[in-house]
Structures are given as structure tokens and as C-alpha cells.
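Working through the structure, step by step
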Amino acid sequence: MISFETERNPPWFFPYIENYSHIMLDMRFKTEDASVEMFNFSLDLEIQGFEGLLFYIYKPSLNTIEFDVIDHRTELIHTLMNLYINVKDYSSSDSLDFIIMPFGHFKEDHKFIPVLHSGKIEANYQAFTWTPSLLFKNIKSVIKIANKYDEIVPREYFDRYYYQFDSSFKGNKTEFLFSLINILVRLEDMPNMEPIVSKVKYLISKTNEMLFELCQRSIPLEMIDLLKEIERLKFNVGNLSKEEIYNWLDDLLNQYSDKI
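Residues numbered from 1 in each chain as written. Predicted model: local features only at pLDDT ≥ 70, side-chain atom pairs only at ≥ 80, totals over all residues. Heavy atoms only, no water.

Okay, the pattern of salt bridges next. Counted under the stated rule, the structure contains 4 salt bridges. Across the pair Glu 46 and Arg 160 runs a salt bridge whose closest N-O atoms are separated by 2.7 Å. One end of the pair, Glu 46, is in strand S3 (residues 38-61); the other, Arg 160, is in strand S10 (residues 160-162), with 114 residues separating them in the sequence. Residue Lys 111 is joined to Asp 109 by a salt bridge in which the shortest nitrogen-to-oxygen separation is 3.7 Å. (Salt bridge = Lys/Arg side-chain N within 4 Å of Asp/Glu carboxyl O. Helix = DSSP H or I, 4+ residues; strand = E, 2+ residues; numbered from the N terminus.)

Next up, the structure:
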């Protein structure tokens, strides 16, 4: 059996991202087939009550990093396809750290719902949040606050589970994304790292376009969320009783009547 177990260690690029709020999915994979050298997986990301951009990064092998940025305004669910891991580069004590950085704003009532698909490979994960502490850097104190990852516990939501962040976890300012890109530019100088120049250039172009569109938005986030909720109700109406439909509509009226 090939097994990757979590130790909740800081990810390999931890020194570069400790000043950004982020989510870590600490993924674990198991297979009985010892001949497996590489396998693909996908990840559904659903975040209700968030408006902005989502950046993700992970290291599928020793010499490779993969990253991209997603526009999270009009689509409720994003499916990240063609994710992969090289089994030979991970020992039995390793897990795959999948980092998601939100650049934008969370509403108080939000839901983070990740779903991991790995085919015949057994997979699961734990979710953690990181909130940066700038006390040491801001006041030059001799006492440095030792940050740590906080595990978030899933809550039941209809036929699935979701995560909700406490008030200390907030999205990064969108302009911080440019400083993150500068960090990625420096990563190309790391020894034995596969060249990432073309990836960074693509990310810069994509980010500029998304930030421009974000400034030009005309549809309020609350309206988009309401439309998505009505769409969900439409697709579930055949499985609900009249009372459940009434309660769902009543909840929507109570939630959005003072926001739109």
C-alpha cells in the first residue's frame, strides 16, 4: 500500500506566504497498487458569500510547482481539472499541501465547500486556515508571535459538509496579489526548480484582466448569490416537500430583503 499521511507541517513555500491569509487543504492519498507513479485528481471549490479572486498553488513533484488564479464572482462552483501528483517524489510521511489564497471580501454568512475527486485512489483531507500576525514587523518587538495553522471543522449542510471561517480570518486585499506574483518571479531562481517564466507571464496577464473587470462590476454580489440560491432551489424542487420549499423561500426572503 502506498500511503501519504498528514503531519500538518508548514508547506514548502511557507516563508513566502506567511503574510497572506490562506486556506490549506492537507491532502492524503492511498492506493494498493504499488506500480502507480503518477495520478490525476480534481477539486471542486464552492464558496458562497465571497467576492474576489482565488489563487491556488501546490507542488506535485520535487521540481515543479503549479498555480493559477480564478475569478470568483459569477460562478458559484469552480472545478480545478488536471491536478496531479508524482507518487515517487513523496515518502510515506508526506501529504500534499494545497494552498488557496482568497483576495477579496467574505460576508459574515459564507460557506466554503471543497470536494476532492481522485477516481480509484482513496483520498481525504483536513482543512486549516492561516491568519498572518504582523505584530513583530510593525512594532519591531523582541517577542515574535508564533503563528500556527488552525483546523476548521466541517458543518453539515443539506447532503454535504461546509466550512465557515471565524472573524479573524479575512480575505487579502486584491492589490496584494501583485506582491504574490513578485514572489513567484523569485521562485524561478530556486535550485532544481522547473522554469516558470511563461507561467508567471500568463498569471500577470490574467490577473490584470480580472482586476480590471472586478473594478467594472455592475451586478452586486448579493444579487448573484440570490440568483444562485434560486437556481439551486429550482434543481432541488422535485426532491422537496411543499413545506421545505416554503421554508427555503422564507429563508431567502429573510436573508436578502434588507440587502437588495
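Note: α-helices contain 3.6 residues per turn, so residues at a spacing of three or four share the same orientation. With 12 residues, helix H3 (residues 176-187) ought to run about 16 Å at 1.5 Å a step, and its terminal C-alpha atoms sit 17 Å apart, in line with that. Buried within H3 are the following residues: Leu 177, Leu 180, Ile 181, Ile 183, Leu 184 and Leu 187. Down the axis of H3, the buried side of the element spans an arc of 155°, and every buried residue falls inside it. (Expected span 1.5 Å × (residues − 1). Buried < 20%, exposed > 50% of the residue type's maximum accessible area, 1.4 Å probe, protein only. Arc of directions from axis to C-beta.)

Glancing now at the pairing of strand S7 (residues 122-130). Here strand S2 (residues 22-31) runs beside S7; their pairing, made up of 9 bridges, is antiparallel. Pairing of Met 27 across the sheet is with Tyr 125, part of S7. Relative to strand S8 (residues 150-151), S7 is paired through 2 bridges, and the arrangement is antiparallel. By the bridge assignment for S8, Phe 128 is matched with Glu 151. (Pairing = 2+ DSSP bridges.)

Take it as geometry only, folks, not as evidence of what the structure does.
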